[in-house]
There are 4 protein chains.
Amino acid sequence: MQHLYQSVFYSEKVNSLFTDEAIISYMLRFEGELAKAQAKHNVIPVAAAETIEECCKVENINIAQLTADAGLGGNVNILLVKQLTAVVKQKNSEAAKYVHIGATSQDVIDTAMMLQARDAVSIIEEELKQLVKQLVLLVEEHRNTVMIGRSFMQHARPITFGYKVAGWLDALVRSQKAIEELLQQGFALQLGGAVGTLSGMYEKGLKESETMSELLALNNPSKPWHTERDRFVTIAYVLGILAGNLGKIAKDISLLMQTEIAEVFEPSANGKGGSSTMPHKRNPVGCIAILANATRIPGLVATMFSCMIHDHERATGSWHAEWETFSDIIKLTAGAVSKAVELTNGLEVDVQRMLVNLELTNGLIYAENISMALAEKVGKADAHHLIEQCCSEALFKGVHLKDIVIKDKVITKELSKEKIEEQCNSFKSVGLSSNYISQVLKSV
Amino acid sequence: MQHLYQSVFYSEKVNSLFTDEAIISYMLRFEGELAKAQAKHNVIPVAAAETIEECCKVENINIAQLTADAGLGGNVNILLVKQLTAVVKQKNSEAAKYVHIGATSQDVIDTAMMLQARDAVSIIEEELKQLVKQLVLLVEEHRNTVMIGRSFMQHARPITFGYKVAGWLDALVRSQKAIEELLQQGFALQLGGAVGTLSGMYEKGLKESETMSELLALNNPSKPWHTERDRFVTIAYVLGILAGNLGKIAKDISLLMQTEIAEVFEPSANGKGGSSTMPHKRNPVGCIAILANATRIPGLVATMFSCMIHDHERATGSWHAEWETFSDIIKLTAGAVSKAVELTNGLEVDVQRMLVNLELTNGLIYAENISMALAEKVGKADAHHLIEQCCSEALFKGVHLKDIVIKDKVITKELSKEKIEEQCNSFKSVGLSSNYISQVLKSV
Amino acid sequence: MQHLYQSVFYSEKVNSLFTDEAIISYMLRFEGELAKAQAKHNVIPVAAAETIEECCKVENINIAQLTADAGLGGNVNILLVKQLTAVVKQKNSEAAKYVHIGATSQDVIDTAMMLQARDAVSIIEEELKQLVKQLVLLVEEHRNTVMIGRSFMQHARPITFGYKVAGWLDALVRSQKAIEELLQQGFALQLGGAVGTLSGMYEKGLKESETMSELLALNNPSKPWHTERDRFVTIAYVLGILAGNLGKIAKDISLLMQTEIAEVFEPSANGKGGSSTMPHKRNPVGCIAILANATRIPGLVATMFSCMIHDHERATGSWHAEWETFSDIIKLTAGAVSKAVELTNGLEVDVQRMLVNLELTNGLIYAENISMALAEKVGKADAHHLIEQCCSEALFKGVHLKDIVIKDKVITKELSKEKIEEQCNSFKSVGLSSNYISQVLKSV
Amino acid sequence: MQHLYQSVFYSEKVNSLFTDEAIISYMLRFEGELAKAQAKHNVIPVAAAETIEECCKVENINIAQLTADAGLGGNVNILLVKQLTAVVKQKNSEAAKYVHIGATSQDVIDTAMMLQARDAVSIIEEELKQLVKQLVLLVEEHRNTVMIGRSFMQHARPITFGYKVAGWLDALVRSQKAIEELLQQGFALQLGGAVGTLSGMYEKGLKESETMSELLALNNPSKPWHTERDRFVTIAYVLGILAGNLGKIAKDISLLMQTEIAEVFEPSANGKGGSSTMPHKRNPVGCIAILANATRIPGLVATMFSCMIHDHERATGSWHAEWETFSDIIKLTAGAVSKAVELTNGLEVDVQRMLVNLELTNGLIYAENISMALAEKVGKADAHHLIEQCCSEALFKGVHLKDIVIKDKVITKELSKEKIEEQCNSFKSVGLSSNYISQVLKSV
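Rules and cut-offs
- Residues numbered from 1 in each chain as written.
- Chains lettered and ligands numbered in written order.
- Predicted model: local features only at pLDDT ≥ 70, side-chain atom pairs only at ≥ 80, totals over all residues.
- Heavy atoms only, no water.
- Helix = DSSP H or I, 4+ residues; strand = E, 2+ residues; numbered from the N terminus.
- Rg over C-alpha atoms; globule rule 2.2 N^0.38 Å.
- Buried < 20%, exposed > 50% of the residue type's maximum accessible area, 1.4 Å probe, protein only.
- Contact = heavy atoms within 4.5 Å.
- Areas by Shrake-Rupley, 256 points an atom, 1.4 Å probe, with all protein chains shown as cover.
- Lys, Arg positive; Asp, Glu negative; His and termini not counted.
- Charge placed at Lys NZ, Arg CZ, Asp CG, Glu CD.
- Expected span 1.5 Å × (residues − 1).
- Bend = angle between axes of the 7 residues up to and from the residue.
- Buried area = accessible area lost by both parts, 1.4 Å probe.
- Salt bridge = Lys/Arg side-chain N within 4 Å of Asp/Glu carboxyl O.
- Least-squares fit on C-alpha atoms with pLDDT ≥ 70 in both.
- Nonpolar A, V, L, I, M, F, W, Y, C, P; charged D, E, K, R; others polar.
- Axes fitted to C-alpha atoms, helices over the stretch in contact; angles between N-to-C directions.
- Parallel < 35°, antiparallel > 145°, perpendicular 65-115°, else oblique.
- Left-handed = near helix turned anticlockwise from the far one by under 90°.
- Phe/Tyr/Trp six-rings, centres within 6.5 Å; stacked < 30°, edge-to-face > 60°.
- Pairing = 2+ DSSP bridges.
- pLDDT = per-residue confidence, 0-100.
- Core = buried A, V, L, I, M, F, W, Y, C linked by side-chain atoms within 4.5 Å.
- Polar contact = N/O pair within 3.5 Å; in protein donor to acceptor, adjacent residues only side chain to side chain.

I tried to follow the overall build of chain A on my own but got confused; where do I start?
Across its full length, chain A carries 19 helices and four strands. The C-alpha atoms of chain A give a radius of gyration of 30 Å, which is well past the 22 Å a tight globule of 444 residues would have. Along the three orthogonal principal directions, the C-alpha set of chain A runs to about 100 × 50 × 35 Å. In chain A, which comprises 444 residues, the proportion classed as buried is 70%. In chain A, the share of contacts with a sequence separation of at least 24, taken over all contacts with a separation of at least 6, comes to 75%. Summed over all atoms, the accessible surface of chain A reaches about 13,800 Å², with 49% contributed by carbon and sulfur. Where the 44 positive side-chain charges of chain A centre and where its 52 negative ones centre are 4 Å apart.

This is how it looks when you write it as structure tokens:
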């Protein structure tokens, strides 16, 4: 990741898991625990394992050299094992014989990616928890804040702001469940050796795998999965859904921040959202970051799906294409969640402006209410037709729909003035908003 | 879908769920059950509901006219309701007042898509069951069929063909579980009216929704989800993963069918896989179809993710972009499963040829075995270095590695001739293949 | 394509080029011209060629059977040649010997796709010409129609509506040029036989290719390009860019149609854009279709790029994945252009509303003007700071910025009242809008 | 970009254009030339411009602080201008008034990206030139090297290796032309100010733009193009095509390097392509990197297309999503070209092995030759049928096709033994391979 955009799109906490040092550390963790597991099952001497584990520190590794030479082997692990072996040898030449026994580069890299992703997803889970908490508060606060609902960006019928937020929340609760499930089942050890048969480990391989997965707190799979990539794609999908859900929130807020609508605003902060040339602007910078990230993730997720078509026992390019793609998905999603937490913590809601905007159509948004009340008497088609005419007249004359309807002789034969006015009350037009809110809050 | 490619890429059974008639039928089913649910809760008269339901038949609809005029409204439902109302009116003008009460086009279309997808996924589940069954047989039959494992398409170390198939199977079993879960939880009723508040249905909306979801055997969500699209994306993801898993199988088989490898062949059928100009060819036509479909799906899934960024209470284009994209994902996946069933039913496996190919490297594939045996004595680095030299010599002289190793004085000081020969036995080099097979079969 | 969505997303004219009949016709055209070219160079008898050409009519083909059986061979051409040969044989058994000589299925399918795409692109070019014409009129009519320019959907500074449309136009003119160039150079004959060497045609192959490309008015390439797919991707790219450009237009118009903004409207038509439940709505149905199509195309274009990684002399799936993907890109783009022509023919522009909206910020949009005038005296940083304070005050008090600035003693020391008022004139704040318009119109 | 994968996937030279320092330098170059251009047209004092230009050095900028704070404003330019102004002020407080006059962040960022992309594309052009040179040599050297052509990865008919490489070359020559055209027309100045009207620059804006584009050697567009993104997408497309073309080469070579085929090998280098566990392997590491990059680019290009749907005068997220996506496309393509240069410089071609492989089907690859010779006598259908039978027999008996055909009484009535043997000569079966090679070489 380019450092320069760190604070624009990303979560610092999660990005710190993806530095060169961090990646190497996860790989070394694999090598250390491998030695430990092998010692436990008497595959290698305990003393050797202890030396190896001790040496598995990123400080011992010359990353610059790894970076420069990795191209020769096609991955960094080959050279990492070389360097690690040299470090171990300096301490204890006997122990050096037992480094990376039976494992292959893909075991190290896949498992390291799992550990790294798990740590990142755990941070994302924490942040999401905070986000959900904030949205719950927003829903509760605005359970009865009436605003216009918009379809195709046009005024449709009233809803409450609480109802709108409950929609965001409902989707995020599903994302929360998916993440929880992911943390329980989605992260697995990869340990298979050259072709996935652990042939380098003799019969003790199964036990070693079991011990390794315990040590790393990863699932122990039925078989090595180096060639079946659905686990990585599933992680990408869960994050992609989360990013999409956040994108929807950011889209709504950025639309509501429009100068002409002005119903909701990102919390202001010193220097935030200012424009270099227009001192008055209040740009939706948080929304922008979320939307940018949510725009980038679908293409990256597509690449993860494409990479599933692995060939034989180790893929020729499809595996390698996953590395940075997968990292990018995680980092961009983490960034989106971080930004969403900031965005909704102190979100400004202009309740008065919502009421003002509700009146912009001169009552046309109540047309359906009146139409339905009328439909009970004359049927839907006729009611629709009658009210459509009234709407045209109201639009043409620039007056409130109510005033036209009340003067219509056909309609008033069926509906009283009181009944008509009742239909034009926004607070009574929000349907089941509150009921749905309750149901969503219950599911949190 | 272009009819012309029907048998090339698709499942006839599933495609038949996506004809114009089928789509309209699903939409009519919604309208019929809506009336029924509303009658149950005394929102509309029972007699009216009965008439409406009776009229909800695709034969009553002029699809050509729908097709021609739908562009005006932006979706087919507006005109469908008009036509349906006219049909009902002819039977009973009173009943015509009660058509499509409180619902909106998106309710009908989203729910119809759910029903359609559920039916398709059920068919896919059946086919997948059959596929899994066939793969189980293949695994059992070839538990001990030794072949070379290939990494980066190069000979690596021996595996068994059963082990390879167990990898395919393992992933498909996960897909099976995902589909099962999907069929239980993934399909939900959408019923929300103009802005998702069911404002047109007064207080009885919640009960109507409950009844509707029972009638349609769909989940009853906490709230209408017209603006939160993760459900559709989840279905797309489950199918995308399945297609990717099948793509991996097709990739392997097509590679194994290469003239130079010739280890596995698609079952032959009269006229199948023939070339128009080369009478001798046996083209992997089944693999090709699966690979083509698996290549197309990632881009389509990306579009589904992109569409999550819905605006406000009904999206301006993002919703519409889902329709055909979602259908295509379903149809292509169904096609891939169908082709995979054909492909693996009678798959020809040339066990002899596998043995012949194992010997192509003159024993180089056993280098790791010898190296590891040697490593126990002299350490990994030295062993690797010694064997590397032997490999070079074997390659240069064109003789079997064993013959070089046996003459190496340094090595033979550590390893006996018997020990060396033992390392060059392919049947003893498949590691835990059989153990993993057992674990996978247990999970089926 | 699903028929049902024909009028919602597509161009009828272009879609008619993609029916089963049309596809078969293009393939038959190839077979007919091939015979003709071969007769010209004495490869086959003239009489045979005449019979073959005569038989190359779609009426002679049993499409249902093709559709049912094509799966066996993996493409429709194999069976098409069989059927065609049978038809020819009935007329003249001698002639039947000369059908499809030396060509392979990919020659027929690739070339047919080129012909089909060329016809479609020609129609698109015509429509685009009309669209450009309409936009030129809009630009000219609204050269001086002042409106607010919006960045991040916030009021920024004034522009003219003509300037906004000139931006749309400028991009479309580049698309026009790209399409023109495409029609001249982008469509090429594919004729290579089994492996692209025309080995079936002896030495006369080069001449036959030349004649074929003349007969089909396609470019004659340096060599058969069956394995180099950049030509198809280039066509996809040109159309994808066009669709993206149209998406931008649709995005702008749909945003301007928002109830709160209401500056621009799609032309109204009987029944168009109506809502099934809200009689007053005026939905951006044209924009929606364009946005939906523009949302779908990027994923499809990605697939075309993915398919470039062809293997050897005929690709195992990558070729097949192109067929429907490529067609979809063409059909969706054609639909988008059609909709854009409708959309901008009679676009309603509310010039008064634009002026009203300009005043919504109480002059804050002129802050930069004043700031810059002031900067000439006190430097940019100080000016920015001073005006920022005035903006805050204006916002807080809810009064016009001008009224605050005029009372500021520091500022008025540098700027006269007249100078300040001059800065708050929207008509004088549109910068080079008109100059840019002139430059764009010159380039049309 | 993660440093760690630098040598695995990337070009060091191109990546160095994308460091934080480099990005800031390009942005500063914009600010410096802007001042210069404004001084030339007497918009700002010459002395001020000189001071500004002098200060526009990356050493003057505190990048760590930019990185930390950029999130507040949503882009790095806002803070960069602040820092730059402070630096200028220290030198000359008068000059500080004239920094970044009339420009907006998007002007700086878009133009900087253009400059950066142009420099990168120039390096790519150089590398591509070298690659083309190497391929020309390969084509010439192997003009007559006969090998089997493969369709669907099955033996089809003979080609020459020179012909195969000529296909790669032909596509790359088109990429070369596209890049050349791009370097001439594809890179343009963006200078429009807040809403693209250059309103901050009064009448002199047009001249300033002209001068700016001369100073930066960029095209001067008809109007600012901040909202029309086709230029960036076009660059992405040209690079995407190039990457796809390289992917095809890497796919072919990696398939030819398969142990069973072994016709072509990446040049060997010390430590290159070795396996950590299998001393004998020769992994296609160059191909892997190219394939990985070519696999990742389509999804990224799709994002660029998606981003075209900009809103109004500055996009809310679509612009920001381009930044890293566009950089990634450039860096990955540059890496692919670099790897391809390495890969084909010293490519090992095993001409003998190609001849051996040609015989693997026992003459079945000549079936079409014989079939066609026979077709001249008995018609295509009958010939095909007869030869199909011979092929089956040859396959079944495991003998050479020729030996079966020569004994077939029906066939030998039409074809002499000599004629039959002539058909089974691979050197005479490569059709127009050499002619096409000549045509391609002429086009280089």
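How should I be thinking about helix H12 (residues 318-344) of chain A in this particular structure?
Helical periodicity: at 3.6 residues per turn, an α-helix aligns residues three or four positions apart in one direction. All names here are of chain A. End to end, H12 covers 39 Å across 27 residues, agreeing with the expected 39 Å (1.5 Å per residue, within 8%). The axis of H12 is deflected most strongly, by about 25°, at Glu324. Counting buried positions over the 27 residues of H12 gives 26, a clear majority of the element. Phi turns positive, to about 95°, at Gly346, one or two residues after H12.

When you look at the interface of chain D and chain A in this model, what are you seeing that I'm missing?
Where the parts come together, the accessible area they lose is often given as the size of the interface. Across the contact, 61 residues belong to chain D and 61 residues belong to chain A. At the boundary of chain D with chain A, total buried surface from both sides reaches about 5,000 Å², with 61% on carbon and sulfur atoms. Scanning the region where chain D abuts chain A turns up two salt bridges. A salt bridge links Glu324(A) to Arg296(D); the nearest nitrogen and oxygen atoms lie 2.7 Å apart.

Hey, could you run me through the relation of the copies chain D and chain A in this one?
Each of the two chain copies goes to the other by way of a rotation about an axis and a shift along it. With an axial shift of 0.0 Å and an RMSD of 0.1 Å, the rotation relating chain D to chain A amounts to 180°. Viewed as a symmetry operation, the transformation between the two copies matches a two-fold axis.

Got a minute to help me understand the interface of chain A and chain B in this structure?
Taken together, the 97 residues of chain A in the interface contact 97 residues of chain B. Note on chain A versus chain B: buried area summed over both sides is about 7,800 Å², and carbon and sulfur give 62% of it. On the chain A side of the contact with chain B, Phe152(A), Ile309(A) and His312(A) bury the most area, a combined 9% of that side's loss. Inspection of the region where chain A meets chain B yields four salt bridges. Asp230(B) is paired through a salt bridge with Arg174(A); the nearest N and O atoms lie 2.6 Å apart. If you tally residues by element for the side of chain A that touches chain B, the top one is helix H10 (residues 230-256) of chain A, at 15 residues. Looking at the side of chain A that touches chain B residue by residue, the classes come out as 43 nonpolar, 32 polar and 22 charged.

Sorry, what's going on with the packing of helix H8 (residues 161-185) of chain D against helix H19 (residues 433-443) of chain D here?
All names here are of chain D. Between H8 and H19, the shortest axis-to-axis distance is 9 Å and the interhelical angle comes to 25°. With respect to H19, the element H8 is oriented roughly parallel. Judged by the twist between their axes, the crossing of H8 over H19 is left-handed. Every residue of H19 that contacts H8 at Gly162, Tyr163, Ala166, Leu169, Asp170, Val173 and Lys177 is listed here: Ser433, Tyr436, Ile437, Val440, Leu441 and Ser443.

Is there a simple way to think about the packing of aromatic side chains in this case?
Any aromatic ring pair is given by two values, namely how distant the centres are and how the planes are angled relative to each other. If you walk through the whole model with that rule in mind, you get 38 aromatic pairs over all chains. Ring centres 5.4 Å apart and planes at 70° place the aromatic pair Trp225(B) and Phe232(B) in the edge-to-face group. Neither Trp225(B) nor Phe232(B) differs from the other in exposure class; each is buried. An aromatic cluster of three or more residues is present, and its members are Tyr5(A), Phe9(A), Tyr10(A), Trp319(D) and Trp323(D).

I would appreciate a short explanation of the pairing of strand E2 (residues 154-160) of chain A in the present structure.
Within a regular strand, the side chains alternate between the two sheet faces. Residues and elements named next belong to chain A. By the criterion of burial, E2 is predominantly enclosed, with seven of the seven residues buried. Where strand E1 (residues 146-151) lies against E2, five bridges are found, and the strand directions are antiparallel. Directly across from Ser151, in E2, lies its bridge partner Gln154. Turn length for the E1-E2 hairpin, with the two strands adjacent in sequence and antiparallel, is two residues, and the turn residue Phe152 shows positive phi of about 50°.

Teacher, can you tell me more about unusual backbone geometry here?
Most peptide bonds take the trans form, and the phi angle of most residues other than glycine is negative. Positive phi, close to 60°, is recorded for His100(A), a residue that is not glycine. One can find His100(A) in the loop between helix H6 (76-91) and helix H7 (105-141). On the accessibility criterion, His100(A) (4% relative accessible area) is buried. The phi angle at Asn42(D) is positive, at roughly 60°, despite the residue not being glycine.

Which parts of the structure should I look at to understand the pattern of salt bridges?
Charged atoms that come close allow side chains of opposite charge to pair. According to the stated counting rule, one finds 76 salt bridges over all chains in the structure shown. Its salt-bridge partner being Asp170(A), residue Arg174(A) comes within 3.0 Å of it at the nearest N-O pair. Of the two residues, Arg174(A) and Asp170(A) both sit in helix H8 (residues 161-185), four residues apart, roughly one turn of that helix. Note on Asp170(A): relative accessible area 3%, which makes it buried. Salt bridges here are not isolated pairs; linked through shared partners, they connect Lys164(A), Lys248(A), Asp252(A) and Glu313(B).

Got a minute to help me understand the confidence of the model for chain A in this structure?
Low pLDDT marks stretches whose predicted atomic positions should not be read closely. Mean pLDDT over chain A: 94, with 96% of residues reaching 70 or higher. Scored as a complex, the prediction yields pTM 0.97 and ipTM 0.96.

How do you make sense of helix H11 (residues 285-306) of chain A when you look at a structure like this?
Under the 1.5 Å per step criterion, the end-to-end length of H11(A) is 33 Å for 22 residues, consistent within 8% with the ideal 32 Å. Summarising burial for H11(A): 21 of the 22 residues are buried, a large majority.

What exactly am I supposed to notice about the nonpolar core here?
Nonpolar side chains in soluble globular proteins tend to end up buried together. In this structure, Phe161(A), Phe161(B), Phe161(C) and Phe161(D) are the most contacted members of the largest nonpolar core, which totals 566 residues. In this view, Phe161(B) contacts Leu138(B), His142(B), Thr145(B), Met147(B), Trp168(B), Leu256(B), Val264(B), Leu347(B), Val349(B) and Met354(B); residues no more than four positions away in its chain are not counted.

I tried to follow the environment of Ala117(B) on my own but got confused; where do I start?
Residues and elements named next belong to chain B. Looking at the secondary structure, you find Ala117 in helix H7 (residues 105-141). Along the chain, Ala117 and Leu183 lie 66 residues apart, while their C-alpha atoms are 9.9 Å from each other. If we skip the residues at most four places from it in the chain, Ala117 touches Phe187, Phe326 and Ile330.

Where do I start with the environment of Lys248(B) in this structure?
Structurally, Lys248(B) is set in helix H10 (residues 230-256). Take Lys248(B): its relative accessible area is 5%, and that puts it in the buried class. For the pair Lys248(B) and Trp168(B), spaced 80 residues apart in the sequence, the C-alpha separation amounts to 7.7 Å. For Lys248(B), the contacting residues outside a window of four places in its chain are Thr227(A), Glu228(A), Met308(A), Ile309(A), His310(A), Asp311(A), His312(A) and Trp168(B). There is a polar contact of 2.8 Å between the side chain of Lys248(B) and the side chain of Asp252(B).

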